[in-house]
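# A look at the structure
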Amino acid sequence: MHLSLGFLSLIALAVIAQDTSIATVKRAFSNANVWIPLIYIPEDISINFNPTALLEVTFPEPGARPITIHAGQQLPRNSTAGPPSFSVRGAASRGPFVVAAVDPDAPTPQDPTSAEIRHFLGGNFVSDGSGLLHNGTAAVSEFLQPTPPAGSDAHRYIFLLFNQPRGFNDQTLVTPTTSISNFDIATFAKAVGLGNPIAGTFMLVAPDS
């Protein structure tokens, strides 16, 4: 299906403003069945997504206004080249924080044999006075643009914000050379002491038409 530039512009305009309600974000996660792939894999390890803050994920757009995603909004793939910037509103502290991004739908939502794909993992994020998060150290996994394969339904790309525990910088479970496939954020979070996410959001991205 051919998407006109006008239609794509409407999509971009629809997602410039950030989420303003934690309840709305929680409802979007639930409606998109994010609970199941993130919370119950494996069954005896759980991440309780009960956010206390709002995470804003903003993608730069060459020659256009940046896009701050609403939870559950779909973006055209060419708007997700990134790397994105992150902001937090309502957090109890200014950090440090860990940000993770995963795709639980690889290679397709119907057959997610490679899931989760780790699209970003970085620590040492601290908030400035406006809530914008800054990171003075290299990410563990640099941002990877969404690349759902041809013929797939849209994938969910999920961003989670955690309070950073002491010793996180010394963890060796995931390094820049660790495979990004078959990552399990729940297992990783438990192993390194991240606890439950304090904020999160997600977007939908389909293959290029």
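All values reported here derive from a predicted model rather than from experimental measurement.

What counts, and at which threshold
Throughout, residues of each chain are indexed from 1 in the direction in which the sequence is written. For a predicted model such as this one, the threshold for reporting local features is a pLDDT of at least 70, and the threshold for listing and counting side-chain atom pairs is 80 or more; totals across whole chains, interfaces and linings nevertheless cover every residue. Values shown for side chains rest on all heavy atoms present in the structure; no hydrogens or waters enter the calculation. Cavities and pockets were defined on a 1 Å grid built over protein atoms only: a cavity is a set of grid points that admits a 1.4 Å probe from which the probe cannot escape, a pocket is an open set flanked by protein on both sides within 12 Å along at least five of seven lines, and lining residues are those with an atom within 4 Å of any such point. Grid points are joined across faces, edges and corners, and a volume is the space filled by probe spheres set on the points. The helix count covers DSSP runs of H or I at least four residues long, the strand count covers runs of E at least two residues long, and both are numbered beginning at the N terminus. We call Asp, Glu, Lys and Arg charged. Ala, Val, Leu, Ile, Met, Phe, Trp, Tyr, Cys and Pro are nonpolar, and the rest, Gly among them, are polar. In this scheme, a residue with accessible area under 20% of its type's maximum is buried, one over 50% is exposed, and one in between is partly exposed, where area comes from a 1.4 Å probe on protein chains only. Directions are taken from the helix axis to each C-beta atom, and the arc is the one they span. Side-chain atoms alone can form a polar contact between residues adjacent in sequence; in general such a contact is a pair of N or O atoms within 3.5 Å, and within protein one must be able to donate a hydrogen while the other accepts it. Think of a salt bridge as a Lys or Arg side-chain nitrogen and an Asp or Glu carboxyl oxygen that are within 4 Å of each other. Two strands qualify as a pair provided that DSSP identifies no fewer than 2 bridges between them. Each axis is a line fitted through C-alpha atoms, and for a helix only the stretch in contact is used; angles between axes span 0 to 180 degrees, taken between their N-to-C directions. In this description, contact between two residues means that some pair of their heavy atoms is separated by no more than 4.5 Å. Take the buried Ala, Val, Leu, Ile, Met, Phe, Trp, Tyr and Cys residues and link them wherever side-chain atoms come within 4.5 Å; each set so joined is a nonpolar core.

### Structural notes on empty space enclosed by the protein
- Scanning the model with the defined rule gives two cavities of 30 Å³ or more in all.
- Lining the second largest cavity, in full, are Ala101, Val102, Asp103, His119, Phe143, Leu144, Pro146, Tyr157, Phe159 and Met203.
- Within the residue set of the lining of the second largest cavity, elements represented by two or more residues are strand E5 (97-103) and strand E8 (155-163).
- Among the elements that line the lining of the second largest cavity, the one with the most residues is E5, at three residues.
- Here the residues of the lining of the second largest cavity sort into eight nonpolar, one polar and one charged.

### Observations regarding helix H4 (residues 185-192)
- For H4, the full list of buried residues reads Ile185, Ala186, Phe188, Ala189 and Val192. Down the axis of H4, the smallest arc covering the buried residues is 165°, so these residues share one side. Among the exposed residues of H4, those pointing more than 90 degrees away from its buried face are Lys190 and Ala191.
- Between a side-chain oxygen at the N-terminus of H4 and the backbone nitrogen of Ala186 the separation is 3.0 Å; the capping residue is Asp184.
- Note on H4: the residue one or two positions beyond its end, Gly193, has a positive phi of about 80°.

### As for the pattern of salt bridges
- All chains considered together, the criterion is met by three salt bridges.
- For Glu56, the salt bridge goes to Arg89, with nearest N and O atoms at 2.5 Å. Residue Glu56 is found in strand E1 (residues 54-61), and its partner Arg89 is found in strand E4 (residues 85-89); the two are separated by 33 residues along the sequence.
- With relative accessibility at 11%, the residue Glu56 sits in the buried group.
- Arg156 is paired through a salt bridge with Asp105; the nearest N and O atoms lie 2.5 Å apart. In this pair, Arg156 is assigned in strand E8 and Asp105 in the loop between E5 and strand E6 (117-127), connecting sequence segments 51 residues apart. For the residue pair Arg156 and Asp105, the accessibility class agrees, reading buried in each case.

### Structural notes on the pairing of E5
- Of all seven residues making up E5, seven are buried, and the element is well covered by its neighbours.
- Side chains Phe97, Val99, Ala101 and Asp103 project from E5 onto one buried face, and the interleaved Val98, Ala100 and Val102 project onto a second face that is buried too.

### A word on the sheet that holds strand E9 (residues 199-205)
- The strand order across the open sheet formed by six strands is E3-E9-E8-E5-E6-E7, and the pairing between neighbours is mixed. Edge positions in the open sheet fall to strand E3 (73-75) and strand E7 (133-135), since each of these has one partner strand only. Ignoring strand direction, the axes of neighbouring strands in this sheet form an average angle of 35°.
- Looking at chain direction, E5 and E8 are connected through six bridges and run antiparallel. Each residue of the ladder has a partner; that of Val99, found in E8, is Leu161.
- Packed on one face of the sheet, helix H2 (residues 22-31) meets E8 and E9 and runs near 50° to E9.
- Sheet strands in contact with H4 are E5, E6 and E8, and its direction is about 10° off that of E8.

### So, the nonpolar core
- Ranked by size, the top nonpolar core spans 25 residues in total, and within it Phe29, Leu121, Leu160, Phe162, Ile185, Phe188 and Leu194 carry the most contacts.
- Breaking this core down by element, the ones donating at least two residues are H2, E5, E8 and H4.
- For this core, the leading source of residues is H4, giving five residues.
- With residues near it in sequence (within four places) discarded, Leu121 still touches Val98, Val99, Ala100, Ala139, Val140, Ser141, Val174 and Phe188.
- Within the second largest apolar cluster, 24 residues are counted, among which are Leu55, Ile69, Phe159 and Val205.

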